[in-house]
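Here is how the chains run, residue by residue.
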Amino acid sequence: MKKDNFITKISLRDISHEELLKISKKRSLSLNLREMLAIQKYYINKGRDPTDIEIETIAQTWSEHCKHKVFNSKVKLKLQKKTIIYENLFKETIHKATELVRKQKGKKDFCISVFKDNAGIIRFNEKYGIAFKVETHNHPSALDPYGGANTGIGGVIRDILGCGLGAKPIFNTDIFCFGPLDYPSSKLPKGVMHPLRILKGVVAGVRDYGNRMGIPTINGSIFFHERYVGNPLVYCGTAGIIPLDHINKKTPKGYDIVVAGGRTGRDGIHGATFSSAELTSDSETVSSQAVQIGNPIEEKKLEDILLKARDLKLYVNITDCGAGGFASAIGEMCKGTGAVVWLDRAPLKYPGLKPWEIFLSESQERMVFITSPSNTKKLIELFKSEDVEATVIGKTTDDKKLKLYYKDILAGELDMDFLHKGTPPRDCTVTWKEKYKKEKELKIEFDHEDIIKRLLSHPISASKERIIRQYDHEVGGGTFLKPLLGIKQDSPSDASAVAPILENPESVVFVGNGINPLYGIEDPYRMALSAIDESLRQITSAGGPPHRTAILDNFCFGNPEDPEQMASFVMAAKGCYDIAVSYSLPFISGKDSFYNEFKTKDSRKISIPPTLLISSIAVGRREDITVSTFQNSERPIIITGLTKKEFGGSMLYHILNHKGGDVPSVDFKNALKIFNSIHKAIQNKFIESCHDLSENGLVGAVAEACFEHELGCEIFLKKIPRTKDCIKDWHILYSESNTRFIITPKKDKTERLIYFFKKNRIPFEIIGKTNSSGFLKIYGLNSKEILNISISLLKKLWRSSI
Amino acid sequence: MFLIEVEKKEDITDAEGKELTDSISEMGFKVKDIKVSQLYFIEGKINKKVISKISKELLTDPVIERFKIYTSKYPSIKNFPFQWEVIKTLHKGVTDNTGETTLKAIKAMGIKNIYSITTGKRFMFDSNLTEKEIKNISLKILSNPIIESVSIRRCKK
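Keep in mind it's a predicted model, so treat the numbers as computed, not measured.

Another aspect to go through is the packing of helix 2 (residues 17-26) of chain A against helix 3 (residues 33-46) of chain A. Residues and elements named next belong to chain A. The N-to-C vectors of helix 2 and helix 3 enclose an angle of 100°; their axes lie 10 Å apart at closest approach. With respect to helix 3, the element helix 2 is oriented roughly perpendicular. Contact with helix 2, carried on its side by H17, L20, L21, I23 and S24, involves L33, M36, L37 and Q40 of helix 3 and no other residues of that element. Among the residues making up the contact of helix 2 with helix 3, the classes are represented as 6 nonpolar, 3 polar and no charged.

Residue and element names in this part refer to chain A. In space, the 7 strands of this open sheet follow the order 11-13-9-14-12-15-16, with mixed pairing throughout. Looking at strand neighbours, the two that pair on one side only are strand 11 (317-320) and strand 16 (409-415), the edges of this open sheet. On average, each strand axis in the sheet is tilted by 25° relative to the strand beside it, whichever way the strands run. Where strand 11 meets strand 13 (residues 366-371), 4 bridges bridge the pair, whose relative direction is antiparallel. Paired with T319 across the two strands is V368, which belongs to strand 13. Of the strands in this sheet, strand 9 (256-261), strand 11, strand 12 (339-342), strand 13, strand 14 (390-396) and strand 15 (401-406) are in contact with helix 13 (residues 325-333), which crosses strand 13 at around 30°.

What follows concerns the pairing of strand 12 of chain A. Residue and element names in this part refer to chain A. Two strands pair when backbone bridges link them, and strand 12 and strand 14 are joined in this way by 3 bridges, in the antiparallel orientation. Note on strand 14: the bridge partner recorded for V341 is G394. Here strand 12 runs beside strand 15; their pairing, made up of 4 bridges, is parallel. Paired with V340 across the strands is K403, a residue of strand 15.

With that settled, consider helix 27 (residues 791-800) of chain A. Helical periodicity: at 3.6 residues per turn, an α-helix aligns residues three or four positions apart in one direction. Residue and element names in this part refer to chain A. I791, L794, K795 and W798 are the residues of helix 27 that are buried. Seen from one end, helix 27 has its buried residues packed into an arc of 100°, which puts them on one side. Exposed side of helix 27, more than 90 degrees from the buried face: K796 and S800 are the residues found there. Residues of helix 27 that are buried in the fold lie against helix 17 (448-457), strand 20 (491-492), helix 24 (697-707), strand 33 (775-779) and strand 34 (785-790).

What follows concerns the pattern of salt bridges. The full count for this structure, using the stated rule, is 56 salt bridges over all chains. E87(A) is paired through a salt bridge with K74(A); the nearest N and O atoms lie 4.0 Å apart. Placement of the pair is E87(A) in the loop between strand 2 (83-86) and helix 6 (89-105) and K74(A) in strand 1 (residues 74-78), with a sequence separation of 13 residues. Assessed through its relative accessible area of 37%, K74(A) is described here as partly exposed. The partner of E298(A) in a salt bridge is K104(B), and the shortest N-O contact between them spans 3.3 Å. With E298(A) in helix 12 (residues 296-311) and K104(B) in helix 3 (residues 97-108), this pair bridges two chains. Several salt bridges converge on common partners, so that one network encompasses E465(A), R469(A), D490(A), E710(A), K795(A) and R799(A).

For the rest of this paragraph, the subject is the confidence of the model for chain A. Confidence in the prediction for chain A averages 91 pLDDT; 96% of positions are at 70 or higher. The low-confidence segment residues 284-288 of chain A, where pLDDT is below 50, has 7 contacts with residues more than four positions distant or belonging to other chains.

The rules behind these values
Residues numbered from 1 in each chain as written. Chains lettered and ligands numbered in written order. Predicted model: local features only at pLDDT ≥ 70, side-chain atom pairs only at ≥ 80, totals over all residues. Heavy atoms only, no water. Axes fitted to C-alpha atoms, helices over the stretch in contact; angles between N-to-C directions. Helix = DSSP H or I, 4+ residues; strand = E, 2+ residues; numbered from the N terminus. Parallel < 35°, antiparallel > 145°, perpendicular 65-115°, else oblique. Contact = heavy atoms within 4.5 Å. Nonpolar A, V, L, I, M, F, W, Y, C, P; charged D, E, K, R; others polar. Pairing = 2+ DSSP bridges. Buried < 20%, exposed > 50% of the residue type's maximum accessible area, 1.4 Å probe, protein only. Arc of directions from axis to C-beta. Salt bridge = Lys/Arg side-chain N within 4 Å of Asp/Glu carboxyl O. pLDDT = per-residue confidence, 0-100.

Right, dumping it as structure tokens:
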């Protein structure tokens, strides 16, 4: 190959703004004018033009995917009465909340590594930590649901493998948002797959990767809304366990850079920059390179040897090849030092790749190591013993430069400082208009029987058993609280719990999640409050300790250039800060994904509902695990928390197609007291079952709690602690107010539980009792029976709609 | 070049075909039956005897499957009891994991001189669909045009 065949110079120094943008578009760089100008200036100062590999590396390093430019922007937020200025939105919301919380906790701080590694790490015991990370893989999954989800889960597993000096995966969690499954095919925009096909593909992708890697998938959630038709959301999360003395990474100079695992091909080139572009009906064709193909068997082999090599201390730094491939992995590990890379030494799948393609390829199942030259041979031999290819492709230096060679020719040279710190900051001013428009009074005759049937059989609330059962949630043998409860494993569970070390099954890790895009449409600030409340409710009701819970944020929003989208994003971030500080919950890791919108051929823009996923994780005791379903008849049913008339974004309004209303807020002062009291009561062994109230409110929760043993119950609405504006039966039945639980005490523990709740001054009341009738009977505010419905009928509806 | 086709034996349920028949019927197309078989395209300096050994010992589960070997690029459709045949392969350059793993396994058997293995699927339709319909089904259900290509043949029953 002649030199000018594989390295192209790009004339950049004296061209116009339009031409700069043209280059960005033509090469799919997703760089805006300010960024292109910064690059132009850099090369004018250097007195030369960039090569293709340089410009591609800059574009990749500066991509939204890697740099989180939107979240790190300077924001002026105009509210009704005041203006808030964030010099750096991320630093002053998510990051600041975590710092404050860690300070509040003092000696009880359980965070070990936050926001700096591939995943966040919390303390498990004196020897081990738990790493947790949740990723999004939306755009690839829209194009190829199976491959997209497959590589999504594969990628997040590698994040865990590359966290610290390597963590061992212990469970997966997967949350999806799709268009409605009965969406008419004739309405689908061009180039968009039907939601049912996307669901089948995504589920199969997650299943095949997780199951084959031998990692249990223990938690998840699926949401449906028509605004996800053109842009589904696929969240993949993995947690791992890591010895505390294997957490620190370092990059000394003169060490070898080794790549191990799969070979490099053209897969997924431009994946990082592609994720910063909106999907159009042409996305199908232009981005065929953005699709990667996963190979779980290869990754399993990688995992096994990597952990062995970690324990033998054969390397000092490790990271996965995710978006941006080598460019991102080597750039990140060597940003403080410098590196030389010999691209022609990377093992290739087939000949003909240009140097920049090798450097940016997103071929899967590759990990990059930094190892002392005295250990390199041992490391490579170890990989070879399991038939995994490992090759030295570079060396670390200390000149703060990235030098890229191809067959002894310098293909590119970049200053690490420019590469990692040269991004021009983004700033914006957004205005948030509170939507306190007066809601139209809902005027319908309530047929409660009809409504509860419609609520429980709605795909959002219905049982996801058909999907959960495709995942192996038992492999590893440590899953103590399973995603489905009961002898027949057909009843809902609030959260899951797994023991990562089987020799010590008394310590378990609880995991839950909170997501509600219906709230996001109405009020993104309160969506954030509610999502965090929900994620903590799930942990608490399952028996996990609220004071040892950490959370992860995953924002998926539309185009941040659109002021309204940006404003709702800023409000959600603000909500995260307010509630995390109030609940004393540290964020340990997170991810944001923008440009989740779809342009149809007739230029209609559909952007997804503002969506925030909060994943919660807590280290607790196996003996505290509490089920969410009623276990015995003749037990009093206790509700905790206050019921308010909060219907904005509720399932009730959703099925009635009614707009407006207040999205559920939280009681910043007293909520934490409720969480802590319930946890103490569980530890004191007062509580037999505890279920949180979320979508579908009281009626949904009570019905679900009856499912396992097909018990029945009587509920008296007038006994429920509520605000004054709750004047109708439906206000109490369907309200989705936060921080509420229904609890049944253990035998003979009712009085002690009541005394305990009274002493702690939390709002609670006995609202009825369980029985063996198999019927859910509810008495209205006037003490007359308003609902009497068979539990087995409801269970059948709930189980059979997906 | 050799082409190996692995299909279910006559009395064994073809689960994949059945599921496809169901989901295509659900979409309103009239389909009596669909059969699915797995294709391996093998390039290398080897003879039919070796190919036969690979098919028998590696690629076929003798209890439920049987194999056919062709030396042509496409399987034969002589005396073919179906109306339509769709063959799906990955675009050039898209990673073929099944192919790569098969190649590794063949090497582990001690067989040399094989250059490449790519894989594909063959769908056989017992149905009077129109050409437009079969195209639609191929692109919307059977394949993902981003990573896969299909070739469609009409066969005389």
